[in-house]
Amino acid sequence: PTVSLTYTVSGTTVSSVSENDVVTITATFNEDIADSPVMQLAGSGVTTISAANMTKVSATSYTYIWTVGAGSGTQTFALATGTDTSGNVVTATPTAGATIAVDNTAPTASLAYSVSGTTVSSVSENDVVTITATFNESIADSPVMQLSGSGVTTISAANMTKVSATSYTYTWTVEAGAGTQTFAMATGTDVAGNAVIATPTSGATIVIDAPQHITKHGKI
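As a convention, each chain's residues are numbered from 1 in the sequence order in which they are written. Local features in a predicted model are, by the rule used here, given only for residues with pLDDT of at least 70; side-chain atom pairs are given and counted only at 80 or more, and totals for whole chains, interfaces and linings are based on all residues. Hydrogens and water are ignored here; the side-chain numbers use all heavy atoms of the structure.

Chemist: An account of the overall build of the protein is requested, with residue identities and associated values reported.
Modeler: Under the scheme used here, helices are H or I runs from DSSP no shorter than 4 residues and strands are E runs no shorter than 2 residues, and both carry numbers assigned from the N terminus. If you tally the helices and strands in the protein, you get zero helices and 22 strands. In summary, the protein has a C-alpha radius of gyration of 26 Å against a globular reference of 17 Å for 220 residues, an excess of more than 25%. In terms of overall dimensions, the protein has a C-alpha envelope of 100 × 25 × 25 Å along the principal axes. We call a residue buried when its accessible area falls under 20% of the maximum for its residue type, exposed when it is over 50%, and partly exposed in between, using a 1.4 Å probe and counting protein chains only. Counting only residues that meet the buried cut, the protein has 38% of its 220 residues in that class. Contacts spanning at least 24 positions in sequence make up 68% of the contacts within the protein whose residues lie at least 6 apart. For every accessible area listed, the method is Shrake-Rupley and the probe measures 1.4 Å; residues are considered covered only by the protein chains on display. Split by element, the accessible area of the protein, about 10,800 Å² in all, is 50% carbon and sulfur. With the radius of gyration taken over C-alpha atoms, the globule rule is written as 2.2 Å times the number of residues to the power 0.38. The criterion used for residue contact is that any of the two residues' heavy atoms lie within 4.5 Å.

Chemist: Please provide a residue-by-residue account of the pairing of strand S7 (residues 55-58), values included.
Modeler: Relative to strand S8 (residues 61-67), S7 runs antiparallel, the two being bridged by three bridges. Counted as the bridge partner of threonine 55 is threonine 63 from S8. Adjacent in sequence and paired antiparallel, S7 and S8 are bridged by two residues. Two strands are counted as paired when DSSP detects at least two bridges linking them.

Chemist: Pulling in residues and values, what's your account of the sheet that holds strand S17 (residues 161-164)?
Modeler: Pairing is antiparallel in the open sheet, where five strands are placed in the order S12-S11-S14-S18-S17. The open sheet has two edge strands, strand S12 (118-119) and S17, and neither has a second partner. Direction of pairing for S17 relative to strand S18 (residues 167-173): antiparallel, over a ladder of three bridges. From the neighbouring strand, threonine 161 faces S18, where its bridge partner is threonine 169.

Below you can see the structure in the form of structure tokens.
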């Protein structure tokens, strides 16, 4: 007999998991499996699982509940024991789903600022600024990625617009005042559920210039 494995968390099929996820591993066989010996599953890679008993759902379906531990990398699963009703030992390596990614690394973002398509390092009152957050890995659609601002202007957890899995934008109209404006990521996770690190790896701050006025003595 052969088997394919699938992974679900809270009823949703997943392709990566993170620490403390409670994962249901479902083994689907191509023929009926004997009740004895008990079907078992073994795991290696990030977490070692030694021949753990599986739970019978039907003659061709068994499950195992796996609580993900610390660490990141590739987790590999194989069938440890079990036979079909004729006594043929199950093929250890699954035909599908033998591995799953364990991701316990929090995503990071870098910020860039542009006005009318031109990258800028400082802005002034009434500038319409596109803030682009570029992430080092794919970001989940839910919860919505948000941005917060402090310093000259306070921005409380504003929703960003998704451009791609690794890029989000926010449009900021600069208000009155001068000084250093600081931005941080407020919410958002990668597809494994790791919360984004709040402080950007670059572009966390931008200078807001004081307004300039023309006088008979020149610019002030």
